[in-house]
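Residue-level listing of the chains:
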Amino acid sequence: MVEIIKGWAAEPRIDFYSTLSSELRGVGFSVPPRGRLMSRLLKAACEVEADRGVSVMLTAIVVNKRTKQPSAEFEVLAKSDRFRRGDVPNWTWKTERDGVFNQYRR
């Protein structure tokens, strides 16, 4: 999952939970686009990158097809003790998205 999303970030582009689900299915993993499994894996992707010293939340570029924004769980994670985006003045998922593009751009 991390490598798929990093590929999107390098382009740079946002994409949908359904696209991620489909790409994961293409490499042998069945992850429905909605639900706890997807949420847990997206959280883990952010944590993996944070453990590697990456300062941005990679999954900011995985969004809902209808709203074109990450799920509410993303903001909860962003403002958690681990990521502390609630402490950053004027932080939005868009600033995080732009940070992801800057971090991973080819």
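The structure we're discussing is the one just above.
Residues numbered from 1 in each chain as written. Predicted model: local features only at pLDDT ≥ 70, side-chain atom pairs only at ≥ 80, totals over all residues. Heavy atoms only, no water.

1. Digging into the overall build of the protein chain
Inference 1: Each helix and strand in the protein chain was counted, giving five helices and two strands.
Inference 2: Its C-alpha radius of gyration of 13 Å places the protein chain within 12% of the 13 Å reference for a compact globule of 106 residues.
Inference 3: Each principal axis of the C-alpha distribution contributes one length, and for the protein chain these read about 40 × 30 × 30 Å.
Inference 4: Within the span of the protein chain, comprising 106 residues, buried residues form 39% of the whole.
Inference 5: Considering only contacts in the protein chain between residues 6 or more positions apart, those separated by 24 or more positions represent 61%.
Inference 6: Just so you have it, the protein chain exposes about 6,300 Å², and 50% of that area is on carbon and sulfur atoms.
Inference 7: If the 19 positive side-chain charges of the protein chain are averaged to one point and the 13 negative ones to another, these points end up 5 Å apart. (Helix = DSSP H or I, 4+ residues; strand = E, 2+ residues; numbered from the N terminus. Rg over C-alpha atoms; globule rule 2.2 N^0.38 Å. Buried < 20%, exposed > 50% of the residue type's maximum accessible area, 1.4 Å probe, protein only. Contact = heavy atoms within 4.5 Å. Areas by Shrake-Rupley, 256 points an atom, 1.4 Å probe, with all protein chains shown as cover. Lys, Arg positive; Asp, Glu negative; His and termini not counted. Charge placed at Lys NZ, Arg CZ, Asp CG, Glu CD.)

2. Focus on the nonpolar core
Inference 1: Formed by 31 residues in total, the largest nonpolar core has its most connected members in Leu20 and Val100.
Inference 2: Taken together, the elements giving at least two residues each to this core come down to helix H1 (2–10), helix H2 (17–26), helix H3 (36–51), strand E2 (62–63), helix H4 (72–78) and helix H5 (93–104).
Inference 3: Broken down by element, this core gets its largest block of residues, five residues, from H1.
Inference 4: Those residues in contact with Leu20 that sit more than four places away from it in its chain are Met1, Ile4, Ile5, Trp8, Met38, Leu42 and Val62. (Core = buried A, V, L, I, M, F, W, Y, C linked by side-chain atoms within 4.5 Å.)

3. Quick word on the side chain of Ser21
Inference 1: If you trace the backbone, Ser21 turns up in helix H2.
Inference 2: The buried category is assigned to Ser21, whose relative accessible area is 1%.
Inference 3: Side-chain polar atoms of Ser21 contact the backbone oxygen of Val31, separated by 2.5 Å.
Inference 4: Not counting chain neighbours up to four residues away, the residues in contact with Ser21 comprise Val31, Pro32, Pro33 and Met38. (Polar contact = N/O pair within 3.5 Å; in protein donor to acceptor, adjacent residues only side chain to side chain.)

4. Digging into the pattern of salt bridges
Inference 1: Taken as a whole and judged by the stated rule, the model has twelve salt bridges.
Inference 2: In this structure, Glu75 engages Lys79 in a salt bridge whose closest nitrogen and oxygen atoms are separated by 2.7 Å.
Inference 3: According to the relative accessible area criterion, Glu75 is partly exposed, its value standing at 39%.
Inference 4: In this structure, a network of salt bridges that share partners links the residues Glu11, Arg13, Asp15 and Glu23. (Salt bridge = Lys/Arg side-chain N within 4 Å of Asp/Glu carboxyl O.)

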